[in-house]
Amino acid sequence: MRSHLYTTRTINLNFRIKVYGRDENGKRVNTLVGVSGLIALIGEELFNKLVGKAFSCVLDKFVAKLRRGLKITFYCK
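Just so it is clear, the structure is predicted and the values come from calculations on it, not from any experiment. Numbering of residues starts from 1 in each chain and follows the order in which that chain's sequence is written. The predicted nature of this model means local features are confined to residues of pLDDT at least 70 and side-chain atom pairs, given and counted, to a pLDDT of 80 or more, with totals for whole chains, interfaces and linings taken over all residues. Just so you know, side-chain values use all the structure's heavy atoms and leave hydrogens and water out.

**Focus: the pairing of strand S1 (residues 15-22)**
Whether two strands pair comes down to DSSP finding at least two bridges between them. Strands here mean DSSP runs of E at least two residues long; helices mean DSSP runs of H or I at least four residues long; both are numbered from the N terminus. Both S1 and strand S4 (residues 70-76) contribute to a ladder of 7 bridges, which runs antiparallel. Counted as the bridge partner of arginine 16 is tyrosine 75 from S4. Inspection of the sheet shows S1 paired to strand S2 (residues 28-33) by 6 bridges, in the antiparallel sense. Each residue of the ladder has a partner; that of glycine 21, found in S2, is valine 29.

Right, here's the structure in full:
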């Protein structure tokens with residue numbers, strides 16, 4: 001799978017992605033995920049938007065809080 005600008009390898013080498021909250025089925029989620037795991041949770045269009053914001057962020061982490069109850073944190077390595 002590819003993001004529109006970044007490969008899966010590039011994203012996984014630069015970030016640790018943590019997901020916290022509840023998924024679509026109402027199950028609690030609090031785990032590190034890779035690119036494919038995040039795409040499975042939120043969809044490819046939203047994923048591409050978040051990855052672009054994470055790469056342009058100058059801080060050590062980028063946090064996105066979704067209305068559906070998920071909190072996604074991109075930690076820079």
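**Thoughts on the sheet that holds strand S3 (residues 61-65)**
Reading across from one edge, S2-S1-S4-S3 is the order of the 4 strands in this open sheet, with antiparallel pairing throughout. Only two strands of the sheet have a single neighbouring strand rather than two, namely S2 and S3. Strand-to-strand, the axes of this sheet are offset by a mean angle of 10°, without reference to chain direction. Note on method: axes are straight lines fitted to C-alpha atoms, helices fitted across the in-contact stretch only, with angles between N-to-C directions ranging 0 to 180 degrees.

**Section: the environment of phenylalanine 74**
Mapped onto the secondary structure, phenylalanine 74 falls in strand S4. Each residue is placed in one exposure class: buried if its accessible area under a 1.4 Å probe, protein chains only, is under 20% of its type's maximum, exposed if it is over 50%, and partly exposed if it falls in between. Residue phenylalanine 74 is classed as buried on the basis of its relative accessible area of 1%. Through-space distance from the C-alpha of phenylalanine 74 to that of phenylalanine 15 is 5.8 Å; in sequence the pair is 59 residues apart. Any two residues whose heavy atoms approach within 4.5 Å at even a single point are treated as in contact. Residues contacting phenylalanine 74, with those up to four places away along its chain left out, are Phe15, Arg16, Ile17, Leu38, Leu50, Val51, Ala54, Asp60, Lys61 and Phe62.

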